[in-house]
Amino acid sequence: MMAETIEDRLRSYYRWNLPVKIMIDDIELPVTGVMSNAQIYVPLKALFAAIKQPLQLRGVNVSGTYKGNLFDVTIGTNTLRLNGTTYQLDAAPFGTNQEIYVTTFFVATVTQHIYEWFAESRLLVFEGLENEIFQIAAREFAPFSVLPQQFLKKDIGGQEQLPTLEWAGIPEKAQSLALFLSDEHPLAAGYSYWTVMPLTADVTRIAADDDHHDKTLHRFRGIAPVQNTGYHEYLFRIFALDVPKPIYTGQLNTVNEARAAFDKHVLDVAVYPTFAKL
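Residues numbered from 1 in each chain as written. Predicted model: local features only at pLDDT ≥ 70, side-chain atom pairs only at ≥ 80, totals over all residues. Heavy atoms only, no water.

### A short note on the packing of aromatic side chains
Next up, step 1: A full pass over the atoms with the stated rule returns 17 aromatic pairs.
Next up, step 2: Judged by centre distance (6.2 Å) and plane angle (70°), the ring pair of F180 and F262 falls under edge-to-face. Taken as a pair, F180 in strand β17 (residues 176-183) and F262 in helix α4 (residues 255-262) lie far apart in primary sequence, 82 residues in all. You'll find F180 and F262 in the same group, each marked buried. (Phe/Tyr/Trp six-rings, centres within 6.5 Å; stacked < 30°, edge-to-face > 60°. Helix = DSSP H or I, 4+ residues; strand = E, 2+ residues; numbered from the N terminus. Buried < 20%, exposed > 50% of the residue type's maximum accessible area, 1.4 Å probe, protein only.)

### What about the sheet that holds strand β11 (residues 99-103)?
Next up, step 1: Sheet architecture is open: 4 strands sit in the order β3-β4-β11-β10, paired in antiparallel fashion. Each edge of the open sheet is held by one strand with a lone partner, namely β3 (34-36) and β10 (94-96). With strand direction ignored, the average angle separating the axes of adjacent strands in the sheet is 35°.
Next up, step 2: Sheet strands touched by helix α3 (residues 104-111): β4 (39-43) and β11. Its angle to β11, the strand with the most contacts, is close to 85°. (Pairing = 2+ DSSP bridges. Axes fitted to C-alpha atoms, helices over the stretch in contact; angles between N-to-C directions. Contact = heavy atoms within 4.5 Å.)

### Things to note about the nonpolar core
Next up, step 1: Core analysis: the largest hydrophobic core is formed by 37 residues, its most contacted members being L47, F106, L124 and F126.
Next up, step 2: Examining the composition of this core, we find that 5 residues originate from one element, α3, more than from any other.
Next up, step 3: Counting residues in each nonpolar core, the second largest holds 29 residues, with F151, L152, L162 and L165 among its members. (Core = buried A, V, L, I, M, F, W, Y, C linked by side-chain atoms within 4.5 Å.)

And the structure:
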């Protein structure tokens with residue numbers, strides 16, 4: 001099942017130069033994105049026009065504002081400045097056909113949106129996390145930040161350290177919880193590096209020294225993004241379910257398999273994003 005899912009995504013992902021539909025906040029952009037060198041590039045001018053946010057172009061310099069967040073970048077360089085903080089991009093923005101293209105990491109960082117790739121329809125969807133009641137957070141790193149090295153696999157220089165996660169706003173009717181840590185890069189097919197379920201609905205944290213790891217389906221062995229494929233988006237997800245223990249057949253290796261297994265029992269999902277690359 002998982003092999004079929006990855007094969008389908010790879011087949012779609014490696015159709016280089018075919019257009020990629022882009023949606024943000026339920027708005028489909030009139031200009032498509034592109035795939036090149038294991039990256040998805042998003043049309044920045046079309047995106048900011050769709051969400052009605054200001055964007056200024058002065059030669060090769062681009063600056064803009066998204067809900068009070070100020071950014072500027074120079075076309076052809078890998079440095080993004082956001083609210084005075086410097087970020088190293090995974091690929092430099094480039095201009096062509098009166099448009100400026102940036103990576104998914106750029107868009108996610110500037111607009112604070114998570115994203116998900118739908119291979120069959122070649123659709124990339126950006127979704128905001130504002131005003132969510134059910135929320136999850138990591139103690140060791142901020143949302144939309146680059147994952148600290150200690151959380152990577154040991155064979156690529158990490159320590160395979162488990163993060164400490166805490167959550168709040170659990171739906172009142174929840175009877176159990178399921179934790180997934182998925183890699184949302186198109187090459188990874190939403191594979192879960194860490195799966196813990198079922199947790200009882202009164203659990204509000206998980207850490208390396210907790211007793212909850214006896215519910216682990218996939219033991220955490222550190223993050224390992226594919227080399228030279230840009231930043232991978234990793235999402236910590238907590239599913240709140242209305243059953244004490246979901247009944248399923250087959251594997252739960254990916255988020256899509258979890259969605260199919262949980263079906264109509266999902267009350268809400270809390271999400272926390274981070275990024276990593278090699």
